[in-house]
Amino acid sequence: PPRSTLFPYTTLFRSQVLLYKSSLGSDSVDIAYLFVHGKLCRAKYMFTDKHINPVGYLTSYEEHATALKNKYGFPDETKHLNSSELSLAEALEIDKGVAYEHWFTATPRTGIVHMVYNKDSQIGEFIEYTSLALESEEQSEINRQKAESF
């Protein structure tokens with residue numbers, strides 16, 4: 001995918017991002033690893049399999065959600081942001097649906113976000129791991145590189 005779809009900091013961290021194509025189980029994924037000062041601070045797995053309709057994306061999302069729940073327990077936060085009259089599949093189809101789950105693990109301090117969404121008529125799914133211990137270093141580096149680019 002274009003770098004801009006991987007995460008918002010890719011252009012700032014050009015030299016500190018590793019991009020891979022791989023698979024998780026039977027699913028194809030694009031993987032991005034973001035490093036700050038040589039330390040891995042973020043990993044994002046963007047599922048690239050295409051489905052005929054939104055139900056296929058939801059089935060995939062639910063399978064991945066089950067695997068994450070088996071590993072990390074129930075999420076600390078779950079949201080389905082869509083019109084109350086529509087199912088999530090219908091909402092995804094008309095560019096209005098988003099569902100996500102968010103975990104915070106104690107050791108190591110990690111935030112995990114799992115999301116299915118429709119942005120600009122492109123349905124996608126990703127899982128992102130963020131080091132909570134390195135958040136301030138990551139933000140400092142973003143600010144430094146922004147200042148240098150002006």
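Refer to the structure presented above.
Residues numbered from 1 in each chain as written. Predicted model: local features only at pLDDT ≥ 70, side-chain atom pairs only at ≥ 80, totals over all residues. Heavy atoms only, no water.

Novice: I'd like a rundown of the pattern of salt bridges, residues and numbers included.
Specialist: By the definition in use, this model includes six salt bridges. Of the charged contacts, one joins Glu128 and Arg42 as a salt bridge, the two residues approaching to 3.3 Å between their closest N and O atoms. Of the two residues, Glu128 is situated in strand 7 (residues 122–131) and Arg42 in strand 3 (residues 39–47); the sequence distance between them amounts to 86 residues. Here the two residues Glu128 and Arg42 agree in accessibility, since each one is buried. The partner of Glu148 in a salt bridge is Arg144, and the shortest N-O contact between them spans 2.4 Å. (Salt bridge = Lys/Arg side-chain N within 4 Å of Asp/Glu carboxyl O. Helix = DSSP H or I, 4+ residues; strand = E, 2+ residues; numbered from the N terminus. Buried < 20%, exposed > 50% of the residue type's maximum accessible area, 1.4 Å probe, protein only.)

Novice: So, the layout of surface pockets: which residues are in play, and what are the values?
Specialist: The volume enclosed by the second largest pocket comes to roughly 160 Å³. Lining the second largest pocket we find 13 residues, and of these Pro108, Thr110, Tyr129, Thr130 and Ser131 sit closest to its centre. If you list the elements that add at least two residues to the lining of the second largest pocket, you get strand 3, strand 6 (110–119) and strand 7. Here the residues of the lining of the second largest pocket sort into seven nonpolar, four polar and two charged. (1 Å grid on protein atoms, 1.4 Å probe; cavity = no way out; pocket = protein on both sides within 12 Å on 5 of 7 lines; lining within 4 Å. Points joined across faces, edges and corners; volume = space filled by probe spheres on them. Nonpolar A, V, L, I, M, F, W, Y, C, P; charged D, E, K, R; others polar.)

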